[in-house]
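Close look at the chain arrangement
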Amino acid sequence: MNIKAVIFDLDGVIVSTDQYHYKAWKELADKENIPFDETINNRLRGVSRMESLEIILKNADRSYNDKEKFELTEYKNDIYRKSLEDLSKEDILPGFWDAYHHCRDKDILMAVGSSSKNTKKILKAIDLDDAFDAVADGTDIENSKPDPEVFWTAAARLGVDSKFCLVVEDAVSGIEAAKNGGMVAVAIGDATSSDKADHTIKHLRELIKLL
Ligand code: BG6
Ligand code: MG
């Protein structure tokens, strides 16, 4: 494979903040008496905050107006951001540094491509704010995954054509975004259930054999 850039998703790939998203949504769903579990949560991976709420509200027994929806996303984000307070570089997932150093040794550029508007806060908390050649996140885009916008933005910032980019994703929507964007898609975690990925890995270290 002639890969010139790797674009890492953030939540659930570099750091386990996906678990914090789940806990915060669960607290909101319990407060509103809406059924919510890990299976529904997997559909929220890679999806923007408001679209995530819309998915959760499909199981509600009443409708919510725009003001209520906005307040609910703020409620969830406050809980989520509190859980980020203890985040540190110790929380970077195993194998990340192996993959990172391998890319640097091979002059492969690296970016983050995340739907999260909290991306920069998280990267700072885990001491990776200067580690990447580009970052594209939820503050840069109109359309979240499976739209390829965030990955195209990352690729444009790196100056690398999509066909030379490899995306690492734990979200089924993220695998679809990578393929919709003409990139190589590598699935880890929950995304390994997707039949659209080009490769599946169990551990980030396995990226090395693909590059
Ligand atoms: C993605 C997560 O990275 O970011 C989604 O996989 C989340 O679960 C989305 O909804 C938006 O995150 P935030 O931090 O902007 O609410
Ligand atoms: Mg993710």
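Residues numbered from 1 in each chain as written. Chains lettered and ligands numbered in written order. Predicted model: local features only at pLDDT ≥ 70, side-chain atom pairs only at ≥ 80, totals over all residues. Heavy atoms only, no water.

**Notes on the coordination of the magnesium ion (ligand 2)**
How we decide: A donor here means any N, O or S atom no more than 2.8 Å from the metal (3.2 Å for Na, K and Ca); water is not included, so a site may seem to lack partners.
Only Asp-9 (OD), Asp-11 (O) and Asp-170 (OD) from the protein reach the magnesium ion (ligand 2) as donors, at distances of 2.0 to 2.1 Å. All donor residues of the magnesium ion (ligand 2) come from one chain, and their arrangement in sequence is D-x1-D-x158-D.

**A short note on the pairing of strand S1 (residues 5–8)**
What counts, and what does not: Buried, partly exposed and exposed residues are distinguished by accessible area as a fraction of the type maximum, computed with a 1.4 Å probe on protein chains only: under 20%, between the cut-offs, and over 50%, respectively. Secondary structure elements follow DSSP: runs of H or I no shorter than four residues count as helices, runs of E no shorter than two count as strands, and numbering proceeds from the N terminus. The criterion for strand pairing is that DSSP finds at least two bridges linking the strands in question.
By the alternation rule, side chains of S1 split into Ala-5 and Ile-7 and Val-6 and Phe-8, which are all buried. As paired elements, S1 and strand S2 (residues 109–113) share four bridges and run parallel to each other. Counterpart to Phe-8 in the pairing with S2 is Val-112. Sheet topology note: the S1/strand S4 (residues 165–169) ladder contains four bridges and is parallel. For Ala-5, the partnering residue across the bridge sits in S4 and is Cys-165.

**A word on the domain arrangement of the protein**
Buried accessible area, meaning the area lost when the parts come together, often serves as the stated size of an interface. Where we set the bar: Boundaries between domains were set according to an automatic or database domain assignment. The term buried area means the drop in 1.4 Å probe accessible area that two parts suffer when joined, counted for both and summed. In the sections that follow, a salt bridge refers to a side-chain nitrogen of Lys or Arg positioned within 4 Å of a carboxyl oxygen of Asp or Glu. We define a polar contact as two N or O atoms separated by no more than 3.5 Å, with the added condition that, inside protein, one atom must be a possible hydrogen donor and the other a possible acceptor, whereas residues neighbouring each other in sequence contribute only through side-chain atom pairs. Classification convention: Asp, Glu, Lys, Arg as charged; Ala, Val, Leu, Ile, Met, Phe, Trp, Tyr, Cys, Pro as nonpolar; all other residues, Gly among them, as polar.
By domain assignment, the protein separates into domain 1 (5–15 + 89–210) and domain 2 (18–86). Roughly 1,200 Å² of surface becomes buried between domain 1 and domain 2 when both sides are summed, with 43% attributable to carbon and sulfur atoms. Looking only at domain 1, the three residues that lose the most surface to domain 2 are Asn-118, Lys-121 and Asp-190, adding up to 36% of its buried area. A salt bridge links Arg-45 to Asp-170, with the shortest nitrogen-to-oxygen separation between them at 2.7 Å. At the junction of domain 1 and domain 2, the tally comes to 10 residue pairs in polar contact (both at pLDDT 80 or more). Taken together, the residues of the side of domain 1 that touches domain 2 break down into three nonpolar, five polar and seven charged.

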